[in-house]
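Notes for the structure review
Chain residues, written in single-letter form:
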Amino acid sequence: MQYVTPGGTHGEPAVAPAALSAATGAIPAPAADLNALYGELAFLDRFDAAAQAGFERVECLFPYLYPVEQIAHRLCCHGLHLVRFCLPAGDWVGGERGIANQPSRCAEFRYGVEEAIRYARPLGVRQLRCLTGLPQPGLAPELARQTLVNNLRHAAAALKPHCIALLIAPQDAPDAAAIIRDTGADNLFLHEQGQP
């Protein structure tokens with residue numbers, strides 16, 4: 001069974017965050033960050049809280065611990081649209097903030113991209129964020145950067161047939177704009193804080 005929330009049409013090009021307002025002529029309402037605003041609540045209860053606060057759009061870090069059907073049910077019950085979430089980022093509780101820059105974990109990264117697609121498609125999500133990873137002791141910066149470029153190129157190519165944009169933020173990679181250019185991917189975008 002496929003669950004698609006509003007805005008989850010497929011067959012359209014991936015949409016950059018800044019292009020949303022230009023395409024519609026209006027600035028989208030802000031999305032409630034379920035982790036930042038409602039982190040004290042159980043994950044599925046955060047959708048209820050966002051709806052009660054008047055939000056129509058939400059985003060989160062990682063939905064992977066919950067069946068996609070349960071998330072879809074919460075979204076549909078409250079008329080919410082899940083705007084974006086992050087690719088799997090390693091051991092978050094243990095302090096990892098992404099694995100895309102680690103040569104020894106490319107297979108894990110690629111599996112995470114497929115897992116993200118398995119969630120994004122039925123939920124109608126058109127944007128996924130990649131947390132690129134912290135610098136690794138003993139790893140040459142050039143190798144880490146090339147690994148990141150290669151992984152982002154792979155992820156963008158995997159997401160493109162599903163009309164999903166890939167985002168990285170400046171705080172995730174100091175030369176994020178140059179990294180985006182080096183991938184050559186037309187569905188990889190810079191995600192600035194405060195974008196809708």
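The following refers to the structure shown.

Here is what the cut-offs are and how they apply
Residues numbered from 1 in each chain as written. Predicted model: local features only at pLDDT ≥ 70, side-chain atom pairs only at ≥ 80, totals over all residues. Heavy atoms only, no water. Salt bridge = Lys/Arg side-chain N within 4 Å of Asp/Glu carboxyl O. Buried < 20%, exposed > 50% of the residue type's maximum accessible area, 1.4 Å probe, protein only. Helix = DSSP H or I, 4+ residues; strand = E, 2+ residues; numbered from the N terminus. Pairing = 2+ DSSP bridges. Right-handed = clockwise from strand over helix to strand, strands pointing away. Core = buried A, V, L, I, M, F, W, Y, C linked by side-chain atoms within 4.5 Å. Contact = heavy atoms within 4.5 Å. Axes fitted to C-alpha atoms, helices over the stretch in contact; angles between N-to-C directions. Polar contact = N/O pair within 3.5 Å; in protein donor to acceptor, adjacent residues only side chain to side chain.

Focus on the pattern of salt bridges
- One pass over the full model with this rule turns up 11 salt bridges.
- Across the salt bridge formed by R105 and E108, the nearest N and O atoms sit 2.9 Å from each other.
- When its relative accessible area of 17% is taken as the criterion, R105 is described as buried.
- One salt bridge in this structure joins R145 and D182, with 2.9 Å as the shortest N-O distance. Of this pair, R145 sits in helix α6 (residues 141-159) while D182 is found in helix α7 (residues 176-183), placing the two residues 37 residues apart along the sequence.
- Judged by its relative accessible area of 25%, R145 falls in the partly exposed class.
- Relative accessible area serves as the criterion here: at 30%, D182 is assigned to the partly exposed category.

Some details on unusual backbone geometry
- Positive phi values are uncommon outside glycine, yet C163 reaches one of about 60°.
- Looking at where C163 falls in the secondary structure, it is placed in the loop between α6 and β5 (165-168).

Section: the pairing of strand β3 (residues 81-86)
- Counting buried residues along β3, six of its six residues qualify, which places the element largely inside the surrounding structure.
- Two strands pair when backbone bridges link them, and strand β2 (residues 57-59) and β3 are joined in this way by three bridges, in the parallel orientation. Bridge pairing in β3 places E59 opposite R84.
- Crossover connection from β2 via helix α4 (residues 68-78) to parallel β3: handedness right-handed.
- In the sheet, β3 pairs with strand β4 (residues 127-129) via three bridges, with the strands oriented parallel. Across the sheet, residue C86 finds its bridge partner in β4, namely R129.
- With helix α5 (residues 106-123) bridging β3 and the parallel β4, this β-α-β connection has right-handed handedness.

A few points about the nonpolar core
- Membership of the largest hydrophobic core comes to 47 residues, with the highest contact counts inside it found for F47, V58, F85, L123, L128 and L166.
- Contributing elements (two or more residues each) for this core: α2 (34-38), α3 (43-52), α4, β3, α5, α6, β5 and α7.

Some details on the sheet that holds β4
- On the basis of which strands lie adjacent, the open sheet formed by six strands has the order β1-β2-β3-β4-β5-β6 and parallel pairing. With partners counted over all chains shown, the strands left at the sheet margins are β1 (32-33) and β6 (188-190), one partner each.
- Bridge count for β1 against β2 is two bridges, and the pairing is parallel. Its bridge partner being in β2, D33 is matched across the sheet by E59.
- Its contacts with the sheet place α5 against β3 and β4, and it is angled at close to 170° to β3.
- Across the sheet, α6 is in contact with β4, β5 and β6; its angle to β5 comes to roughly 150°.

Quick word on the side chain of Q127
- Residue position: Q127 is located in strand β4.
- For Q127, a relative accessible area of 3% gives the class buried.
- Polar contacts involving the side chain of Q127 include one to the side chain of R84, which spans 2.9 Å.

Concerning α3
- Of all the 10 residues making up α3, seven are buried; the element is thus mostly covered by neighbouring parts of the structure.
- All of the buried residues along α3 are F43, L44, R46, F47, D48, A49 and A50.
- Where α3 is buried, its residues contact β1, α2, β2 and α4.
- After α3 finishes, the residue G54 shows a positive phi value of roughly 95°.

Taken by themselves, the reported measurements are silent on function.
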